[in-house]
Amino acid sequence: MILRASGLVCHRGGRLVLDGVSLDVAGGGAVAVTGRNGAGKSTLLRVIAGLIRPDAGAAVLEPSDPDRSVAEQAHYLGHRDPLKPALTVRENLDFWRAFLGREDGGSEAALERVGLGDLAGLPAGYLSAGQRRRLSLARLLAVRRPVWLLDEPASALDAAGQEMLRRVMTAHLEGGGLILAATHGPLGIPAGEFHLGAPAGGP
């Protein structure tokens, strides 16, 4: 399995953000996307996730599945943790399982792996920033998808949370999955590096 992005071009707000970006990530491997603020790291992940339409280029997963897009085979973890404060921790995860096509329940194992098992019945609005991040990571574990697109995945996590993140990323890679992560610091796992500089004409 290879995630292949070819010739991605993207303008945002009238500014060229991605200028012919191409990269490959093989199954079982991780690539850290680095670069200064505004270099296009988040935009690159969002384009591959299908959240932004590129002006040119494409991202494909090979071997391809004609019935499923890359977005349907990927998890995208952005800066914001998508949760409903009034729902419990378990209810939030159950919602995502249903939305992503897994309606069989069974959120408990994922919550245990991210250290939220004892808080399953707590309204999500009471969670700290680090706990909200853990809940977002539980979504990646509750519904298996081969491609993980992670934007600053360690954001708000304490040392124990970062170790948990390292373990779940390692397990994902060992299972044949792949990771493309935008980060300003080390991922904590063996990873290649893809550096984004300012495109021609950028600031």
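Residues numbered from 1 in each chain as written. Predicted model: local features only at pLDDT ≥ 70, side-chain atom pairs only at ≥ 80, totals over all residues. Heavy atoms only, no water.

*Asks:* Looking at this structure, how should I read the side chain of S107?
*Replies:* Note on placement: S107 falls in the loop between α2 (89-99) and α3 (108-113). With near-sequence residues (within four places) excluded, S107 lies in contact with R90, L93, D94 and R97. (Helix = DSSP H or I, 4+ residues; strand = E, 2+ residues; numbered from the N terminus. Contact = heavy atoms within 4.5 Å.)

*Asks:* Which parts of the structure should I look at to understand the packing of helix α4 (residues 129-142) against helix α5 (residues 159-174)?
*Replies:* For any two helices packed against each other, one specifies the crossing angle of their axes together with the interaxial distance. Packing of α4 against α5 brings their axes to within 12 Å, and their N-to-C directions diverge by 10°. Viewed along their axes, α4 and α5 adopt a mutual orientation that is roughly parallel. Every residue of α5 that contacts α4 at R134, L137 and L141 is listed here: A160, G161, M164, L165 and V168. Among the residues making up the contact of α4 with α5, the classes are represented as 6 nonpolar, 1 polar and 1 charged. (Axes fitted to C-alpha atoms, helices over the stretch in contact; angles between N-to-C directions. Parallel < 35°, antiparallel > 145°, perpendicular 65-115°, else oblique. Nonpolar A, V, L, I, M, F, W, Y, C, P; charged D, E, K, R; others polar.)

*Asks:* For this particular structure, what's the right way to read the sheet that holds strand β2 (residues 15-26)?
*Replies:* Two modes of strand pairing occur in sheets, parallel and antiparallel, and in both the strands are linked by backbone hydrogen bonds. Spatially, 3 strands are ordered β2-β1-β4 in an open sheet, and the strand pairing comes out antiparallel. Of all the strands in the sheet, the pair left with one neighbour each is β2 and β4 (56-62). Looking at each pair of strands side by side, their axes are set apart by 15° on average, direction ignored. Sitting on the sheet, helix α1 (residues 41-48) touches β1 (2-12), β2 and β4, and the angle it makes with β1 is about 120°. (Pairing = 2+ DSSP bridges.)

*Asks:* Can you walk me through the packing of aromatic side chains in this structure?
*Replies:* For any pair of aromatic rings, the description consists of the separation of the ring centres together with the inter-plane angle of the planes. Under the criterion given, the structure shown has 3 aromatic pairs. Geometrically, the ring pair formed by F95 and W96 is edge-to-face, given 5.4 Å between the ring centres and 75° between the ring planes. Taking relative accessible area as the criterion, F95 reaches 45% and is therefore assigned partly exposed. Given a relative accessible area of 19%, W96 falls into the buried group. Taken together, F95, W96 and F99 form an aromatic cluster joined through their ring pairs. (Phe/Tyr/Trp six-rings, centres within 6.5 Å; stacked < 30°, edge-to-face > 60°. Buried < 20%, exposed > 50% of the residue type's maximum accessible area, 1.4 Å probe, protein only.)

*Asks:* Please explain unusual backbone geometry as it appears in this structure.
*Replies:* Cis geometry marks the peptide bond from E62 to P63, where omega comes out at 0°. Summarising the element assignment, P63 is placed in the loop between β4 and β5 (74-77). If you check the backbone angles, E152 has positive phi at about 45° while not being a glycine. By the element assignment, E152 lies in the loop between β6 (147-151) and α5.

*Asks:* Help me out: how do you make sense of the nonpolar core in this one?
*Replies:* Soluble globular proteins tend to pack their nonpolar side chains together in the buried interior. Among the nonpolar cores identified, the biggest contains 31 residues, and L111, L135, L137, L150 and I179 are the most heavily contacted of them. For this core, the secondary-structure elements that each account for two or more residues are β3 (30-34), α2, α3, α4, β6, α5 and β7 (178-182). Among the elements that make up this core, the one with the highest residue count is α4 (6 residues). With 28 residues, the next largest nonpolar core counts L8, V47, I48 and L196 among its residues. (Core = buried A, V, L, I, M, F, W, Y, C linked by side-chain atoms within 4.5 Å.)

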